[in-house]
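# Close look at the chain arrangement
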Amino acid sequence: MNRIELTRIPFIKNTLKSRYPQLAVFIVMLVGYIFAILAGLIGTPVGSHNFSIVFVWIAWWAILILVAVPFFGRGWCAVCPIPLPGEWLQRGAILAPPDKRPKWLNLRVPKMFRNIWMQNISFLLLALFSSALLTTPNITGIVLAAMLFVAIGLSAIFERRAFCRYLCPVGGFIGLYSQTAPIELRIKDKQVCVKCVGKPCYNGSDAGYGCPWDVFPGGMTKNTYCGLCMECIRTCPHDNIAVNLRPFSADLAKPTARLDEAFKAFIMFGAAMIYAGVLLGPWGTLKDAAYNVGTGAWFMYAVIFLAIIFIVLPGLFTLGIMTTKGRQSLKQRFMSLSTALIPLGLMFWVAFSLSFVLTNASYILAALSDPLALGWNLFGTANAAWQPMLTTILAPAQTLALVVGLVWSARTAQKVNEAGTSTIPVIVYCFVATSIMLWLLL
Amino acid sequence: MKRPELISRILIITGILLAVGAPLFLWARTPLIHARMAEDGGWNPDVIQAETGKPLHLKLTSDDVVHGFAVGQMDMQSVDILPGKVTEITLTFDKPGIYTFFCTRWCGLNHWRMRGTIEVTGGSDIITAGGSSEPASVPLYVSLDLDIDAPHDSPVIPNEKPSAMNGQLLGANLPIDQSLDYYLSHSPYQVFTDLSDTSLTESQKWDAVAYLWQSNTTPESLANGKELYAQNCAACHGENGAGDGVFADDLAEAGEASMQTMEGATDMVMQTPVDFTDPSRILGASPALLQGKILRGGMGTGMPMWGVIFTEEQIWDLIAYIYSFQFEYQK
Ligand code: SF4
Ligand code: SF4
Ligand code: SF4
């Protein structure tokens, strides 16, 4: 396997192994997050000038979808402030090794919730209310605060990071798309793990905590549920954990066998198309319906939204793969072939976000200089005029992203397909979806 | 507890306290005056205290669309208030009283309702309601005992726009009272009927009326009136006075809606802005009557009360301009 072990480089290894660099980032992130909550609650109700909206939905989103996820997988989760207060309180410590006896209830999450359906639902909820959420600072402030407190609450009841694993609306799709990233955290040698006594990476030791994400590194084959918290690097007594540079989408060679994950792929795939239609498409009525949360038109929109994601897209997909015969059951083939939608879905989001982010990026400068809209001018940029950026490269960049996504998905389809069956239906499906997306975007 | 753990805890707690405390503190220390469309609350706060001679420093921000800010009966440039931005302005009041501040941008249908007051106290002076906001003398419509809500249509209207130039050519020896009082208290139609004993033709009489009106105004006054009109009146009454401003349709609709709810008050045929190009309406109104309408406002119609905002002179300028929709004046 063609991997380059980054942790061989002493600087990288030391930086990851020490708790302090990460802690420093944590503190900055947490302060920024709380500031964003405050700005959302007390700042100007004008979204485009409110720090919370501009920093969370423009700056953070841009970094997340254009950089962090495609190149670092769950890299964002490595520095995310949301679960931190809960985690610290749960452990009763920030750095010190945990007590032997758990502080709080430390229950195991019930079996029926140990999947990502809750994340699918929480994402869809945010998606349906997104027009209000993305433009109303108050609502953004409340939602950000709610995430913080729900994470604390779940930490009090359940063990490890229940919020991240099972509820976080963002975590679900970061996990899905992190499989495409060229970064992974894996063990170096399986035999060392087999012989390892006590498995401190999972169970914790004096050197640190057991995996907060409830993952046993020794058995890890894909990025989805590893939050890159780097704790196992610190706890593994055999120096058996590596962070590797690897080919893009290496995880996708192992298709999913879970329906919740397969539907996650459809949810993200469909949501990107619907968003492009609502925000960039020419239909005023559609836009109005999406924006007037709570009205009859909005309920119609919600029903259509859900129908597209849960019936139309998976239905057409199923019909497509039914045209070819295979040895596996239809359900198995549905799940494994849905893996092919992951790279294309990511590229849909990249292409869509490019236009959204470049159009609104100029608000960042103004919000930076006057974060509470109190008339400050900290960096002299408070009056930076609104101006779409890089308009000339936008369309070519979007087209490129979509074409790359299509090719990438086609190759993924070939990889995950069982031998002897045709991938043509899946490729046609992807091609049609890409054409629709291209038409919506350009 | 080990040192690093302790330090981390202190750092984190300080960070959280700062992240919560600093914005709250700074926010509480910077009182902003928020402008919203009238239907969403208008000005907040809408009462501001000030003292004579002491500069009043205001920070204004808009929570929705572009608004403007100006204080009535004060010699000041109005300022724009942009959404999410802060506009600062410093005012100094010489006289105590209750001043009215108002929105100067056509922000929405109820733009005219966006008003607030500045209560200016001066040293030992007691504020008198009205204060400087009330004209020095009793307005003419009060002393003339005019019912400004009574219908006042002119039963006769000229066939074509009366020309002041032609009126002037008729000579100065017409039996018209040249006093200012006569002009102010008479409608063009009343002057027209006062000329009934003369041998003039109907259209000549109207020309003479037009001349009387022209001689009671100045080009400066007309220009002033035009500017004030464009800023303050055109949104409803229309750029060309035809009662067809950008809000006119909305006003009519809002009027219908409110009529359905206000049973018994149907005689308030409200909301449609007056058409100043309609001769019977304007030729039947005296300057004093128009002054009353502007000063007091339309009481329940969409017409706001301007007495607190315009100076007396500004109102006369406006009236001069309104009549110019009816008369052909010398260019
Ligand atoms: S799963 Fe969600 S809350 Fe957890 S670290 Fe990732 S983004 Fe943050
Ligand atoms: S602690 Fe290290 S060697 Fe032991 S099981 Fe975990 S990764 Fe493997
Ligand atoms: S402890 Fe290791 S395996 Fe678990 S989430 Fe952190 S980095 Fe991933």
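Residues numbered from 1 in each chain as written. Chains lettered and ligands numbered in written order. Predicted model: local features only at pLDDT ≥ 70, side-chain atom pairs only at ≥ 80, totals over all residues. Heavy atoms only, no water.

Turning next to the overall build of chain A. The secondary structure content of chain A amounts to 21 helices and three strands. By the compact-globule yardstick of 22 Å for 442 residues, chain A fits well, its C-alpha radius of gyration being 22 Å. Principal axes of the C-alpha set define a box for chain A whose edges measure 65 × 60 × 40 Å. Every one of the 442 residues in chain A was classed for burial, and the buried ones make up 57%. Within chain A, contacts between residues separated by at least 24 positions form 81% of all contacts whose residues are at least 6 apart in sequence. Within the structure as shown, chain A displays about 18600 Å² of accessible surface, and the carbon and sulfur contribution to it stands at 72%. A distance of 5 Å separates the average location of the 34 positive side-chain charges in chain A from that of its 16 negative side-chain charges. (Helix = DSSP H or I, 4+ residues; strand = E, 2+ residues; numbered from the N terminus. Rg over C-alpha atoms; globule rule 2.2 N^0.38 Å. Buried < 20%, exposed > 50% of the residue type's maximum accessible area, 1.4 Å probe, protein only. Contact = heavy atoms within 4.5 Å. Areas by Shrake-Rupley, 256 points an atom, 1.4 Å probe, with all protein chains shown as cover. Lys, Arg positive; Asp, Glu negative; His and termini not counted. Charge placed at Lys NZ, Arg CZ, Asp CG, Glu CD.)

Now for the site of ligand 2. In the vicinity of ligand 2, the contacting residues are A:Ile187, A:Cys193, A:Cys196, A:Lys199, A:Pro200, A:Cys201, A:Phe216, A:Cys236, A:Pro237, A:His238, A:Asn240 and A:Ile241. Residues of the shell around ligand 2, tallied by class, amount to nine nonpolar, two polar and one charged. (Near = heavy atom within 4 Å. Nonpolar A, V, L, I, M, F, W, Y, C, P; charged D, E, K, R; others polar.)

This paragraph deals with the packing of helix α3 (residues 51–72) of chain A against helix α8 (residues 137–157) of chain A. All names here are of chain A. At a minimum axis separation of 9 Å, α3 and α8 run at an interaxial angle of 65°. As α3 runs across α8, the sense of the crossing is left-handed. Here α3 contributes Ser52, Ile53, Val56 and Trp57 to the contact with α8, which in turn contributes Pro137, Thr140 and Leu144. Residues of the contact of α3 with α8, tallied by class, amount to five nonpolar, two polar and no charged. (Axes fitted to C-alpha atoms, helices over the stretch in contact; angles between N-to-C directions. Left-handed = near helix turned anticlockwise from the far one by under 90°.)

Let us now look at the site of ligand 3. The environment of ligand 3 is formed by A:Leu185, A:Cys211, A:Pro212, A:Trp213, A:Pro217, A:Cys226, A:Gly227, A:Leu228, A:Cys229, A:Met230, A:Glu231 and A:Cys232. Partitioned by chemical class, the residues of the shell around ligand 3 number 10 nonpolar, one polar and one charged.

Moving on, we get to the sheet that holds strand β4 (residues 56–62) of chain B. All names here are of chain B. The mixed open sheet is built from four strands, whose spatial order is β2-β1-β4-β7. Strands at the two margins of the open sheet, each flanked by one partner only, are β2 (43–44) and β7 (86–91). As defined by bridge partners, strand β1 (residues 33–35) adjoins β4 across three bridges and the pair is classed as parallel. Residue pairing in the sheet places Ala35 in a bridge with Ser62 of β4. (Pairing = 2+ DSSP bridges.)

This brings us to the confidence of the model for chain B. Residues and elements named next belong to chain B. Confidence in the prediction of chain B, expressed as mean pLDDT, is 81, and 86% of residues score 70 or more. Mean pLDDT across the secondary structure elements of chain B bottoms out at helix α9 (residues 248–261), with 55, and peaks at helix α1 (residues 3–29), with 91. Residue range residues 257–270 is modelled with pLDDT below 50. Its contacts to residues more than four positions away, or to other chains, number 10 contacts. Reported for the predicted complex are a pTM of 0.81 and an ipTM of 0.86. (pLDDT = per-residue confidence, 0-100.)

Our next topic: the pairing of strand β2 (residues 183–187) of chain A. Residue and element names in this part refer to chain A. The element β2 is extensively covered by neighbouring structure, given that five of its five residues are classed as buried. The alternating pattern of β2 places Ile183, Leu185 and Ile187 and Glu184 and Arg186 on opposite faces, both of which are buried. Strand direction decides the pairing type here: β2 and strand β3 (residues 241–245), joined by five bridges, are antiparallel. Across the sheet, residue Ile187 finds its bridge partner in β3, namely Ile241.

Moving on, we get to the pattern of salt bridges. Residue and element names in this part refer to chain A. Inspection of every chain in the model, using the stated rule, returns 25 salt bridges over all chains. Across the salt bridge formed by Arg8 and Glu5, the nearest N and O atoms sit 3.8 Å from each other. Given a relative accessible area of 65%, Arg8 falls into the exposed group. With a closest N to O distance of 2.3 Å, Arg108 and Glu159 form a salt bridge. Here Arg108 is found in the loop between α5 (84–91) and α6 (117–128), whereas its partner Glu159 is found in the loop between α8 and α9 (162–167), with 51 residues between them in sequence. Relative accessible area serves as the criterion here: at 16%, Glu159 is assigned to the buried category. Within the structure, one salt-bridge network assembled from shared partners comprises Arg3, Glu184, Arg186, Arg246 and Asp251. (Salt bridge = Lys/Arg side-chain N within 4 Å of Asp/Glu carboxyl O.)

Attention now moves to the pairing of β4(B). In regular strands, side chains alternate between the two faces of the sheet. All names here are of chain B. Where burial is concerned, most of β4 is hidden: five out of the seven residues are buried. In this sheet, β7 lies alongside β4 in antiparallel orientation, the contact comprising six bridges. The partner of His57 across the bridge, within β7, is Thr90.

Glancing now at a nonpolar patch on the surface. All names here are of chain A. Together, Trp117, Leu306, Phe310, Ile311, Val312, Leu316, Leu319, Met322 and Leu330 give the surface a local cluster of nonpolar side chains, amounting to about 770 Å² of exposed area. Here the nonpolar patch takes seven residues from helix α16 (residues 296–322), the largest share from any one element. In this fold, Leu316 is placed in helix α16. (Patch = residues over 30% accessible without salt bridge, like charges linked within 9 Å, V, L, I, M, F, W, Y side chains within 5 Å.)

Residues and elements named next belong to chain A. Throughout the structure, instances matching the rule amount to 45 aromatic pairs over all chains. Both rings, one in Phe71 and one in Phe248, keep their centres 6.1 Å apart while their planes meet at 70°; by these two values the pair is edge-to-face. Within this pair, whereas Phe71 is found in helix α3, its partner Phe248 is found in the loop between β3 and α14 (259–280), the two being separated by 177 residues in sequence. Look at Phe71 and you get partly exposed, because its relative accessible area is 40%. With relative accessibility at 41%, the residue Phe248 sits in the partly exposed group. Between Trp349 and Phe352, the ring centres sit 6.0 Å apart and the planes meet at 80°, which makes this aromatic pair edge-to-face. (Phe/Tyr/Trp six-rings, centres within 6.5 Å; stacked < 30°, edge-to-face > 60°.)

What follows deals with the side chain of B:Ser324. Residues and elements named next belong to chain B. Summarising the element assignment, Ser324 is placed in the segment after α12 (312–323). When its relative accessible area of 17% is taken as the criterion, Ser324 is described as buried. Of the polar contacts made by the side chain of Ser324, one reaches the backbone oxygen of Tyr321; its length is 2.5 Å. In this structure, Ser324 is in contact with Lys161, Leu222 and Tyr329, ignoring residues within four places of it in sequence. (Polar contact = N/O pair within 3.5 Å; in protein donor to acceptor, adjacent residues only side chain to side chain.)

Residue and element names in this part refer to chain A. At a minimum axis distance of 9 Å, the contact between α14 and helix α21 (residues 424–441) shows a crossing angle of 25°. Here α14 lies roughly parallel to α21, going by the angle between them. At the point where α14 passes α21, the crossing takes the left-handed sense. For the pair α14 and α21, the contacting residues are Phe266, Phe269, Ala272, Met273, Ala276, Gly277 and Leu280 in the first and Tyr429, Ala433, Ile436, Met437, Leu440 and Leu441 in the second. Partitioned by chemical class, the residues of the contact of α14 with α21 number 12 nonpolar, one polar and no charged. (Parallel < 35°, antiparallel > 145°, perpendicular 65-115°, else oblique.)

All names here are of chain A. For Ser353, the position within the fold is in helix α18 (residues 341–360). For Ser353, a relative accessible area of 0% puts it in the buried group. The residues contacting Ser353, other than those within four sequence positions of it, are Trp61, Ile65, Leu66 and Leu358.

The next subject is the nonpolar core. By size, the foremost hydrophobic cluster in this structure holds 138 residues, and its most contacted members are A:Leu64, A:Phe173, A:Leu185, A:Phe305 and A:Trp349. When sequence neighbours within four positions are dropped, the list of residues in contact with A:Phe305 reads A:Leu124, A:Ala127, A:Leu128, A:Ala271, A:Ile274 and A:Tyr275. Ranked by size, the runner-up nonpolar core spans 51 residues in total, among them B:Ala235, B:Ile282, B:Leu289 and B:Tyr323. (Core = buried A, V, L, I, M, F, W, Y, C linked by side-chain atoms within 4.5 Å.)

Together, B:Asp177, B:Asp181, B:Asp194 and B:Asp197 make up a region of like negative charge exposed at the surface. Assignment of secondary structure puts B:Asp177 in the loop between α3 (164–169) and α4 (180–185).

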